[in-house]
Amino acid sequence: ISGYTQYLQELVETDQIKKHTLQCKNTSLKKLIEYLAPYEKPSDIPNNIFIDYTKWRRTKNWTKYHKNNSRPPSDLTINRELTDFKGFFDWCSKKKIVTNSFEYPFIKYDPKKHKESSPPFTFNDYKLITDGLCSWLGDKELRKKRKNNFYRVVFVYYFEILSQSGMRPHELLKLRWSDVEVISESERVDFIIVED
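Residues numbered from 1 in each chain as written. Predicted model: local features only at pLDDT ≥ 70, side-chain atom pairs only at ≥ 80, totals over all residues. Heavy atoms only, no water.

**Notes on the overall build of the protein**
Each helix and strand in the protein was counted, giving eight helices and zero strands. Written out in order from the N terminus, the α and β elements of the protein read α-α-α-α-α-α-α-α. (Helix = DSSP H or I, 4+ residues; strand = E, 2+ residues; numbered from the N terminus.)

**Some remarks on the environment of L32**
With respect to the secondary-structure elements, L32 resides in helix α2 (residues 19-35). Sequence separation of L32 and D84 is 52 residues, and the distance between their C-alpha atoms is 9.3 Å. Once residues lying within four places of it in the same chain are set aside, the contact partners of L32 are I1, F50, F85, F88 and F89. (Contact = heavy atoms within 4.5 Å.)

**Describing helix α1 (residues 2-13)**
Over its twelve residues, α1 extends 17 Å from the first C-alpha to the last, a length consistent with the 16 Å expected when each residue adds 1.5 Å. Elements that come into contact with the buried residues of α1 comprise α2 and α4 (75-94). (Expected span 1.5 Å × (residues − 1).)

**A closer look at the nonpolar core**
Counting residues in each nonpolar core, the largest one holds 24 residues, and the members touching the most others are L32, F50, Y53, F88 and F89. Looking at this core element by element, the count peaks at seven residues for α4. Counting residues in each nonpolar core, the second largest holds six residues, with Y126, L137, V153 and F159 among its members. (Core = buried A, V, L, I, M, F, W, Y, C linked by side-chain atoms within 4.5 Å. Buried < 20%, exposed > 50% of the residue type's maximum accessible area, 1.4 Å probe, protein only.)

**Quick word on the environment of L142**
Structurally, L142 is set in helix α6 (residues 140-144). Separated by ten residues in sequence, L142 and R152 have C-alpha atoms that sit 9.6 Å apart.

**Describing the pattern of salt bridges**
Overall, the coordinates contain eight salt bridges when judged by the stated rule. Close ionic contact of K31 with E81 constitutes a salt bridge, the shortest N to O distance being 3.0 Å. Placement of K31 in helix α2 and of E81 in helix α4 is noted, with a sequence separation of 50 residues between them. Like E81, K31 is buried. In this structure, D131 and K127 form a salt bridge, with 3.2 Å as the shortest nitrogen-oxygen distance. Of this pair, D131 and K127 are both found in helix α5 (residues 123-137), four residues apart, which corresponds to roughly one turn of the helix. Each of the salt bridges in this network shares a partner with another, and the network as a whole consists of K25, R80 and D84. (Salt bridge = Lys/Arg side-chain N within 4 Å of Asp/Glu carboxyl O.)

Structural data, given as structure tokens:
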């Protein structure tokens, strides 16, 4: 597995996958190592080894990985882990490492019934928030407290950039002007001027 993790690290260094993706795959590989511990080499692993993987993950073998999570892994999590396992064994095949042709019991689920842990804003949600932010920014009582004005403006732009770009909060906080490419000199940026 060390050769595969090195391969994944090279993908990160060449911007083919994100560092976060590498961390997720490494987490999956830890589970794979434990699950396959009884086997000495890849060719010894039976092709139906993953049939009971979902049961294994949802019984005693999930609390050690997610101590702060009170629920067993979801269908999506199981499917993602199985996908990561498949990626590893596909890499083994390319490297001529002998393995069996495994069966992956991906779980069928209806995306319409799937409840996301962090559902995206609807347009109405976005409009409600932006309208509220504009009212908050223009509040005369708050504007009298001059030290808060600058940071209120910054927060409004922070939210707008997050919602329009799809960036994560920590990505935006690390953003610098040197990271921004100006496409055209004729483009204009409008700033809100807060009166004293």
